[in-house]
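Listed here are the chains, written in short residue letters.
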Amino acid sequence: MSVTERPSSQHPALEAAFGAPVHQLYATATGPGASAALRRALELRSFLVVAEEQVAWVRDRVHAATDPGLHQDTLSADVLRREAEWLQAAVEARAGYRTALDSLLRAMPQPGPAAEVKKVQFNQPRIIMALPPAAPAPARSDEATAGRP
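Quick caveat: nothing in here was measured; it's all calculated off a predicted structure. (Residues numbered from 1 in each chain as written. Predicted model: local features only at pLDDT ≥ 70, side-chain atom pairs only at ≥ 80, totals over all residues. Heavy atoms only, no water.)

Draft legend 1. The arrangement of the overall build of the chain in detail. Assigned secondary structure in the chain consists of 5 helices and 0 strands. Taken across its 149 residues, the chain has 21% of its residues classed as buried. When contacts within the chain are restricted to residue pairs at least 6 apart in sequence, long-range pairs at least 24 apart make up 67% of them. A total of about 11,900 Å² of accessible surface is found on the chain, and carbon and sulfur atoms cover 58% of it. (Helix = DSSP H or I, 4+ residues; strand = E, 2+ residues; numbered from the N terminus. Buried < 20%, exposed > 50% of the residue type's maximum accessible area, 1.4 Å probe, protein only. Contact = heavy atoms within 4.5 Å. Areas by Shrake-Rupley, 256 points an atom, 1.4 Å probe, with all protein chains shown as cover.)

Here is the structure:
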């Protein structure tokens, strides 16, 4: 089964944030108009799916190793210690991916109709000033032009 088809603990949050089921979100993310936030969220979701699956695998191995029906001679502290390390790594990875995805979803605007952008109009009085009429140009006197050749 592909990562895109596996369930994750964050499906409800993704569907609420983007307003569509996860399988539709993957189809939208491959289109030309897909947002960077959608692509990043689905990438984090894919990592989360793998980490959640790893947690389940290790948990199941620990349950199998500690099955009450098994003979106690098969129980190994070394094996359980190694499984505990694997489990800690898987749980930390899962927590990191959940935190990153939660942060991304919180930073996104709420779904729904986009808020209208209204132009701001300033209602300030305008000062209109009329210029005084232009003064007549000084008359040319013959004296001023007399010295010219």
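Draft legend 2. Looking closely at helix α3 (residues 36-65). If you check α3, its first and last C-alpha atoms are 44 Å apart, about what 30 residues at 1.5 Å a residue would give, namely 44 Å. Turning to α3, its buried residues number three or more, namely Leu38, Ala41, Leu42, Leu44, Arg45, Ser46, Leu48, Val49, Ala51, Glu52, Val55 and Val58. At its buried positions, α3 is contacted by α1 (11-18), α2 (22-29) and α4 (77-107). (Expected span 1.5 Å × (residues − 1).)

Draft legend 3. Quick look at the pattern of salt bridges. Under the defined criterion, the tally for this structure stands at 5 salt bridges. With its nearest N and O atoms 3.1 Å apart, the salt bridge here joins Arg59 to Asp60. Under the relative-accessibility criterion, Arg59 is labelled partly exposed at 41%. For Asp60, a relative accessible area of 40% translates into the label partly exposed. (Salt bridge = Lys/Arg side-chain N within 4 Å of Asp/Glu carboxyl O.)

Draft legend 4. Summary view of the packing of aromatic side chains. With the rule as written, the count across this model stands at 1 aromatic pair. Their ring planes at 35° and their centres at 5.4 Å tell us that Phe47 and Tyr97 sit as a pair that is tilted. On the criterion of sequence distance, the pair formed by Phe47 in helix α3 and Tyr97 in helix α4 is long-range, its members being 50 residues apart. Taking relative accessible area as the criterion, Phe47 reaches 37% and is therefore assigned partly exposed. (Phe/Tyr/Trp six-rings, centres within 6.5 Å; stacked < 30°, edge-to-face > 60°.)

Draft legend 5. Region of interest: α4. End to end, α4 covers 45 Å across 31 residues, agreeing with the expected 45 Å (1.5 Å per residue, within 8%). Three or more residues of α4 are buried, namely Glu83, Ala90, Leu101, Leu104 and Leu105. The elements touched by buried residues of α4 are α1 and α3.

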